[in-house]
Every structure is written in structure tokens, then in C-alpha cells.
Protein chains: 2
Amino acid sequence: MAASVGRPSRVAKLPPRERILDAAEELFQSEGIRRVGVQTIAERAETTKMAIYRHFETKDALVAEWLRIVAAEYQAAFDRVEAEHPGRPGDQILGLARFIAEGLPAISHRGCPFINSIAELPDRSHPARQVIEKHKAHQAHRLVGMCTEAGLRDPEQAAAAITFVLEGAQVSTHNGSIDQAGDRLLGIVEGILAHHRSPLGESRASTDGTARAV
Amino acid sequence: MAASVGRPSRVAKLPPRERILDAAEELFQSEGIRRVGVQTIAERAETTKMAIYRHFETKDALVAEWLRIVAAEYQAAFDRVEAEHPGRPGDQILGLARFIAEGLPAISHRGCPFINSIAELPDRSHPARQVIEKHKAHQAHRLVGMCTEAGLRDPEQAAAAITFVLEGAQVSTHNGSIDQAGDRLLGIVEGILAHHRSPLGESRASTDGTARAV
DNA sequence: CCCGAACGATACCCATCGGTATCGTGCAGC
DNA sequence: GCTGCACGATACCGATGGGTATCGTTCGGG
């Protein structure tokens, strides 16, 4: 096995492109994008700068590709949670919350890659920014779908609340202002689901059903 | 008026230190910390690099001082909201949410200074990091106090939920995944308050009153 | 009136960064 | 066995970064 192609040295080494992406992942995640030089990535990947530029047009393209991979992992979490709780959108949402909650300990070190990257890349034309924004929009849309399927009252508002809470848990974990954020997060999401399942929200909701963006 | 000291040229010019801080504020906020050079700050402040280093030990110290000022502005918002609604902690919390909601349009351009800065400064020993973390911890504590005074059930959990939502609204506004975030935010905070005011939360809360982190 | 401190301007130092050019090497397929 | 090509290594380039040294000037208080 693993003998088809590429056995450059001893211990089965991944092809250069994979090693580069792995190294970039670790370094970008732990040190930030702008703090990490291409040279450093090359060393960590046990290759050279030239090899990186043979596989990626620019450093920005490498960053974008990395975020594309991270986004795919989050998408996979969505898929997994849907597969684990078919036809039970409420459990799917709780599964997502659990997924985020389980990631919080890692987040506390260096934070969410999307939040960090967007902070490091102010120009909206940056390819990585577009990857992030497209991913976030897609996730938001998918979450609204779950909330709708769950029969929640005002699914868009519920999805917004859940999104806020998931993002906020990561931020607050990273800046250390709230501990046990994982447990709290799960409870809060349960509360949001319950709140939007109850026949009528109490917060000055009228009976017109439109719920005027409350 | 404004003639006591400092009238270097014509149009009343602030003293160099203030101009430097103003310039740093604008540039750090719009471009990010690491993208902005000291030289650029000097030009924007209509002074020179040397003048900056006469007032601040290092660039890092300038960053920390800027964040100290921003933190003070948020503290002022807390103070103001307390003064506007004395003895009405629920209204105070809603006032805070309104304060954040009103800031969201600006946030959508470049995001929250704390979130961005913490993303740009991975080393926890950085002076600016300590400013941020101390500020966030203080805010969290103050918010718990408000929730307690409001007689909310499980005030720490309520404060965590509100914190998450406030932070998350900024993140989601910045990455563009949710629009009308301001209106949504206010409704969500109202919902959290209502949820924690109701005699017993529905989400599998038992009668022991401890509400096991839900 | 004069002296000292703050200020403005310029030039400089050294490190790092993204990106490129060049040359050598080892392996694959014909 | 030979050729082509991806790869490895090194040196280099221009730009920019934070930070310092050294000037002359200006302005305010004794």
C-alpha cells in the first residue's frame, strides 16, 4: 500500500503540495497569516520556497486555498450532522452547536480561522475574503433551512440568533472573557430552539405573524 | 477660546500626541495594525516618525494605548446606559444592545477593534492583548452584575448568552453573512431577557433551581 | 533676552518579506 | 541509456518594516 507513486525518502512522505498545505494550515492557524513568511512555511513543509511558488501563484492564493479547505471541513460537519440526525433538524442544530463547542478548546489558543483571517485581510477584493464570505453566506443559508424544517417560528431570526451565538462563543473563548463556554453554548442554543418552538414568543410579539424583525 | 496653549500654526491643531493617537485610531481601524507602518501614521498625523517615538516607547505601546482609549469608550457606554436607566438593569442591557447595534454599520467596514487586534496579535504577552483581555473580563463581570440586579434566573448564563450575541452580531456583520443584524440583535437580546425572566426555563430545567448550566 | 526642551526633517541601520532567477539532481518513461 | 521534468538549494532583488542618530528650528518660562 501507498507504493503507487511518490516514495521520495523513507517514512512515507506526502507529496509536496499536501505538505505545503499542512504546514500552512498549522502556521497560519497558530501564528496568523501575515506573521508567517513563505520561507517559514517551506521549512515546516520540508521543502523550499520555490516549490511553493511552483504550486501556488502567490502567497495570497495559498491562503485562499487553505481557507477553502477549512471551509470544506465545516461543510463536512454540516453534512455529518445531517446524516446523523436525518429528519430531525432540531438535533442537527444541536449537533452543530456540539461541534463548535468541542472545537472551543482549540479556539482558545488562536481563534477561529475565518474571524482571524478576515481581520488580517481588510481588502474585500482579496481572494481569501471572497472564500470566507461565500462560505459564511452558504452556512447561514443552510442554517435557515434547518430552522425552517424544524418548524421554528421566524426561522431567519432563529438562524441569526444561533449564528450570533456560535460566533460569539468563539470570540469570547478566544479573548478569555467567558469560561466553560462550551457548556454554556449548548444550553443557550437549546434555549433558542425552545424559544422559537413555543407557540408565541412573549417579547411583545403581536398576532400578525410577521413578528416585525424581533 | 482654545488659546491657552498650543497654537502652532493656523487652524487650531491638537498637540502632537493627540494627533498621533487620532491618526493611529483611524488607520488601525481601517487598515489593521500590522498593515500600517509608523511612517504612515506620522504622515496622517502631520508629524514625523521621531515625534511618535518621543511619545511612545514602541509601536506596540502605541497600539496598547489606542486600545486603552477604545476600551474606555466602551466603558463610557456602560456608564451612560446605567445613568440613563437607573435602577432598571433590564433597560440598561437593552441600551447596551442598542449601542452595539448602532455601531454595526461602522463594524461592517472593518470590524470590531478588539476582535481584529486579538487576531493580529497571537502572542498573549503583547501589551495590547492584556489591555483587551482585562477589558473584556471587566465587561463580562459588569454584565453579570446587571443580569443579577435584573433578577434574572442564572445571571451568569444570561450574561454569557448576551455576550455571545453581542460579539457574534459584530462578526456576522463584518463577514456579511447576516443583514439587518442590528434589528435582529435587539430582538434576540429581548428574547434572552424574557427567557431568563420566566419563572422556569422550559429546556429540561429541573426544579432544583441550580439550572445546571442551561 | 536667553536658554532649554520639544519639535520637525532627513538620513540611516538592519531585518524581513514576497517573489524571481539560476543551477544542480534524481527519477520516469521511452 | 538517454531525455525530460519536477524537485531541491541558493542567491538575489526591491520594497517595506521598526527603530535610531543627528541636525536645525521654534517657542515658552525664567
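Residues numbered from 1 in each chain as written. Chains lettered and ligands numbered in written order. Predicted model: local features only at pLDDT ≥ 70, side-chain atom pairs only at ≥ 80, totals over all residues. Heavy atoms only, no water.

As annotated in an unreviewed UniProt entry, chain A carries the name TetR family transcriptional regulator and is attributed to Embleya hyalina.

1. Looking at helix 4 (residues 59-84) of chain B
Under the 1.5 Å per step criterion, the end-to-end length of helix 4 of chain B is 38 Å for 26 residues, consistent within 8% with the ideal 38 Å. For helix 4 of chain B, the N-terminal cap is Thr58 of chain B; the gap from its side-chain oxygen to the backbone nitrogen of Asp60 of chain B is 3.3 Å. (Helix = DSSP H or I, 4+ residues; strand = E, 2+ residues; numbered from the N terminus. Expected span 1.5 Å × (residues − 1). Polar contact = N/O pair within 3.5 Å; in protein donor to acceptor, adjacent residues only side chain to side chain.)

2. Examining the UniProt feature "DNA-binding region" (unreviewed entry) in chain A
The residues that UniProt annotates with the feature "DNA-binding region" (unreviewed entry) are residues 37-56 of chain A. In this annotation, residues 37-56 of chain A is assigned 70% helix and 0% strand; the end-to-end C-alpha distance for the span is 14 Å. (UniProt positions renumbered as here; feature names shortened; annotations may be inferred.)

3. Some details on the layout of surface pockets
Residue and element names in this part refer to chain B. In this structure, the second largest pocket occupies an estimated 330 Å³ of space. Lining the second largest pocket are 16 residues, with Gln29, Tyr74, Ala106, Ile107 and Pro113 positioned closest to its centre. Elements supplying a minimum of two residues to the lining of the second largest pocket: helix 1 (16-31), helix 4 and helix 5 (89-110). The biggest single contributor to the lining of the second largest pocket is helix 5, with 8 residues. (1 Å grid on protein atoms, 1.4 Å probe; cavity = no way out; pocket = protein on both sides within 12 Å on 5 of 7 lines; lining within 4 Å. Points joined across faces, edges and corners; volume = space filled by probe spheres on them.)

4. Concerning the protein's contact with DNA strand D
Arg54 of chain A together with Val38, Lys49, Met50 and Lys59 of chain B are the nearest of the 16 residues found near DNA strand D. By atom count, sugar and phosphate contribute 42% of the portion of DNA strand D lying within 4 Å of the protein. The separation between a phosphate oxygen of DNA strand D and a polar side-chain atom of His55 of chain A is 3.4 Å. One of the side-chain N or O atoms of Lys59 of chain B is found 2.5 Å from a phosphate oxygen in DNA strand D. Mapped by element, the contributors of at least two residues to the surface near DNA strand D are helix 1 (16-31) and helix 3 (49-55) of chain A together with helix 3 (49-55) of chain B. A per-class count over the surface near DNA strand D returns 7 nonpolar, 5 polar and 4 charged. (Near = heavy atom within 4 Å. Nonpolar A, V, L, I, M, F, W, Y, C, P; charged D, E, K, R; others polar.)

5. Looking at the interface of chain B and chain A
Each partner contributes to the interface: chain B provides 50 residues, whereas chain A provides 50 residues. Carbon and sulfur atoms supply 60% of the area buried between chain B and chain A, which totals about 4,300 Å² over both sides. At the junction of chain B with chain A, the criterion picks out 2 salt bridges. As a salt-bridge pair, Arg184 of chain B and Glu156 of chain A come within 3.3 Å of each other at their nearest N and O atoms. Between the two partners, chain B and chain A, sit 6 residue pairs in polar contact (both at pLDDT 80 or more). Elements represented by at least two residues in the side of chain B that touches chain A include exactly helix 1, helix 5, helix 6 (113-120), helix 7 (127-149), helix 8 (155-174) and helix 9 (181-197) of chain B. No other element matches helix 8 of chain B, which puts 13 residues into the side of chain B that touches chain A. (Contact = heavy atoms within 4.5 Å. Buried area = accessible area lost by both parts, 1.4 Å probe. Salt bridge = Lys/Arg side-chain N within 4 Å of Asp/Glu carboxyl O.)

6. Quick notes on the relation of the copies chain B and chain A
By a simple turn and slide, chain B fits onto chain A: the slide is 0.0 Å along the axis, the RMSD is 0.0 Å, and the turn is 180 degrees. In short, the pair behaves as if placed about a two-fold rotation axis. For chain B, the minimum C-alpha distance to the rotation axis belongs to Gly168 of chain B and amounts to 2.0 Å. The overlap is high: 100% of the interface residues of chain B also sit at the interface in chain A, so the same surface is used on both sides. (Least-squares fit on C-alpha atoms with pLDDT ≥ 70 in both.)

7. A short note on the protein's contact with DNA strand C
The immediate surroundings of DNA strand C are formed by 16 residues, with Val38, Lys49, Met50 and Lys59 of chain A together with Arg54 of chain B found nearest. One of the side-chain nitrogen or oxygen atoms of Tyr53 of chain A is found 2.8 Å away from a phosphate oxygen of DNA strand C. Between DNA strand C and Thr47 of chain B there is a distance of 3.0 Å, counted from a phosphate oxygen to a side-chain nitrogen or oxygen. Listing elements by their share of the surface near DNA strand C, those giving two or more residues are helix 3 of chain A together with helix 1 and helix 3 of chain B. No other element matches helix 3 of chain B, which puts 4 residues into the surface near DNA strand C.

8. So, the nonpolar core
Soluble globular proteins tend to bury their nonpolar side chains together. With 124 residues, the main nonpolar core has Ile41 of chain A together with Ile41 of chain B as its most contacted residues. For Ile41 of chain B, the residues in contact, after removing those within four places along its chain, are Ile20, Ala23, Ala24, Leu27, Phe28, Val36, Ile52 and Leu62 of chain B. (Core = buried A, V, L, I, M, F, W, Y, C linked by side-chain atoms within 4.5 Å. Buried < 20%, exposed > 50% of the residue type's maximum accessible area, 1.4 Å probe, protein only.)

9. Let's talk about the environment of Ala51 of chain B
Looking at the secondary structure, you find Ala51 of chain B in helix 3. Overall, Ala51 of chain B belongs to the buried group, its relative accessible area being 10%.

10. As for the side chain of Glu120 of chain A
By the secondary structure assignment, Glu120 of chain A is in helix 6 (residues 113-120). The buried charged residue Glu120 of chain A lacks any salt bridge partner; its closest oppositely charged side chain belongs to Arg110 of chain A, at an N-O distance of 4.0 Å. Engagement of the side chain of Glu120 of chain A in a polar contact is seen with the backbone nitrogen of Ile33 of chain A, the distance being 2.7 Å. Discounting residues that sit within four places of it in the chain, Glu120 of chain A has contacts with Gly32, Ile33, Arg34 and Arg110 of chain A together with Arg35, Ala119 and Glu120 of chain B. (Lys, Arg positive; Asp, Glu negative; His and termini not counted.)

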